[in-house]
Amino acid sequence: MTTALSDAAAVTGRNLRHIPRVPEKLATVSFQPVIFVLLFGYLFGSAIHVPGGGYREFIMAGIFTQMMVIGAATTAVGVADDLGNGLVDRFRSLPMARSAVLIGRTVADLALSVLSCVAMAAAGLAIGWRIHHGPAQALAGFGLLLLLGFAMAWVGALLGLLIRDAESVNAATFGVLMPLTFLSNAFIPPAGLPVWLRAVADWNPVSATVTACRELFGNTVGASTTVGLPSQHPILASAGWSLLILLLAVPLAVRAYRSAVAR
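Here's what I pulled together on the structure shown here. (Residues numbered from 1 in each chain as written. Predicted model: local features only at pLDDT ≥ 70, side-chain atom pairs only at ≥ 80, totals over all residues. Heavy atoms only, no water.)

## What to know about the overall build of the protein
Rules: The helix and strand labels rest on DSSP assignments: H or I over at least four residues marks a helix, E over at least two residues marks a strand, and numbering proceeds from the N terminus. Based on C-alpha atoms, the radius of gyration is set beside the globule rule, defined as 2.2 Å times the residue count to the power 0.38. Per-residue accessibility, obtained with a 1.4 Å probe over protein chains only, is compared with the maximum for each type, and a residue is labelled buried under 20%, exposed over 50%, and partly exposed between these values. Surface accessibility follows the Shrake-Rupley procedure with a 1.4 Å probe radius. Residue values consider only the protein chains on display as shielding. When charges are counted, Lys and Arg are positive and Asp and Glu negative, with His and the chain ends excluded. We put the charge of a Lys on NZ, of an Arg on CZ, of an Asp on CG and of a Glu on CD.
Within the protein, the regular secondary structure consists of 12 helices and zero strands. The C-alpha radius of gyration computed for the protein amounts to 19 Å, which stays within 12% of the reference 18 Å derived for 263 residues, consistent with globular compactness. Its C-alpha atoms give the protein principal-axis dimensions of roughly 60 × 35 × 35 Å. Expressed as a percentage of its 263 residues, the buried residues of the protein come to 48%. Carbon and sulfur atoms provide 69% of the accessible area of the protein, an area that totals close to 12,100 Å². Where the 16 positive side-chain charges of the protein centre and where its 11 negative ones centre are 4 Å apart.

Encoded structure:
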């Protein structure tokens, strides 16, 4: 276990050192979130009314969560690139734990998620978003976001191992992840959706994390459309969804990695 953790730390450091040399990665975690905050805060904020508060405070938890989910695409492309450029083959020739490759990739991308949260928080504060509860609850909210981001990184690793082509995996992940974020309560109150779509939005893992963060930050929650677990216990639902995703994605990704390196 000690050797595996040491190997994972070495791979994580390698991936982090490559970030400054790839400007598009920094743009993805810094400029893109700021653009989303400004776009939704100013353009849509003047047209969408949220019962019980302002749209700018309502939208911030949604943008935070969206960027955690979209981060899976970064992991997927990184894993596909590592397979394509022969890096994984070089790792196989070294006396290192195989699990270190995936752990190092997902942990490094978790660090990118932290940078993304910092950039979004700064932009949100600039447009009027505020955290109305104490620092402990605020940290709990960001902890749930990063837990979801880590879980989605493993989903991205799995997709990258299955598809293996960087361009194809980028299109595939966005094709799946974007509808997941928009079919939720991240950007609009779901009360106005058709009944069947409302049910999907209510039980969407994204909706659970968004609602939990709104409660922890003290922001506008919006009208609830269900009396089930996601709306009544959003913090528990958010943590449960993220842990379930990890429980499913981690062993599947490890199995896919073993199959990929055996080819």
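## Things to note about the nonpolar core
Which entries qualify depends on this criterion: What is meant by a nonpolar core is a set of buried Ala, Val, Leu, Ile, Met, Phe, Trp, Tyr and Cys residues, joined one to another through side-chain atoms within 4.5 Å.
By size, the foremost hydrophobic cluster in this structure holds 57 residues, and its most contacted members are Ile63, Phe64 and Leu161. Looking at this core element by element, the count peaks at 13 residues for helix 4 (residues 55-84).

## Here we look at the pattern of salt bridges
Using the following cut-off: The rule for a salt bridge is simple: a side-chain nitrogen of Lys or Arg has to be within 4 Å of a carboxyl oxygen of Asp or Glu.
Overall, the coordinates contain two salt bridges when judged by the stated rule. Note that aspartate 82 and arginine 14 form a salt bridge whose closest N and O atoms lie 4.0 Å from each other. Placement of aspartate 82 in helix 4 and of arginine 14 in helix 1 (residues 2-18) is noted, with a sequence separation of 68 residues between them. This pair shows no difference in class: aspartate 82 is buried, exactly as arginine 14 is. Across the pair aspartate 82 and arginine 105 runs a salt bridge whose closest N-O atoms are separated by 2.8 Å. In this pair, aspartate 82 is assigned in helix 4 and arginine 105 in helix 6 (residues 99-127), connecting sequence segments 23 residues apart.

## Topic: the side chain of threonine 181
This is how it is decided: Within 3.5 Å is the distance limit for a polar contact, defined as a pair of N or O atoms, with the added protein rule that one can donate a hydrogen and the other accept it, and that residues adjacent in sequence qualify only through two side-chain atoms. Only heavy atoms matter for contacts: two residues are in contact if any of them lie within 4.5 Å across the pair.
On the secondary structure map, threonine 181 appears in helix 8 (residues 166-182). On the basis of relative accessibility, which here comes to 1%, the residue threonine 181 falls in the buried class. Reaching out from threonine 181, the side chain makes a polar contact with the backbone oxygen of methionine 178 at a distance of 2.8 Å. With residues near it in sequence (within four places) discarded, threonine 181 still touches Gln66, Val69, Ala186, Phe187 and Val206.

## Looking at the state of the cysteines
Selection criterion: Throughout, disulfides are identified as pairs of cysteine sulfur atoms within 2.5 Å of each other.
Scanning the model with the defined rule gives zero disulfides in all. Among the cysteines around cysteine 117, which has no disulfide bond, cysteine 213 carries the closest sulfur, lying 8.7 Å off.

## Looking at helix 12 (residues 234-261)
Just so we agree on the cut-off: Expected span of a helix: the number of residues minus one, times 1.5 Å.
For helix 12, which comprises 28 residues, the first-to-last C-alpha distance of 40 Å matches the rise-based estimate of 40 Å (1.5 Å per residue) to within 8%. Those residues of helix 12 lying buried are Pro234, Ala237, Ser238, Ser242, Ile245, Leu246, Ala249, Ala253, Ala256, Tyr257, Ala260 and Val261. Where helix 12 is buried, its residues contact helix 4, helix 5 (87-92), helix 6, helix 7 (135-163), helix 10 (205-217) and helix 11 (229-232).

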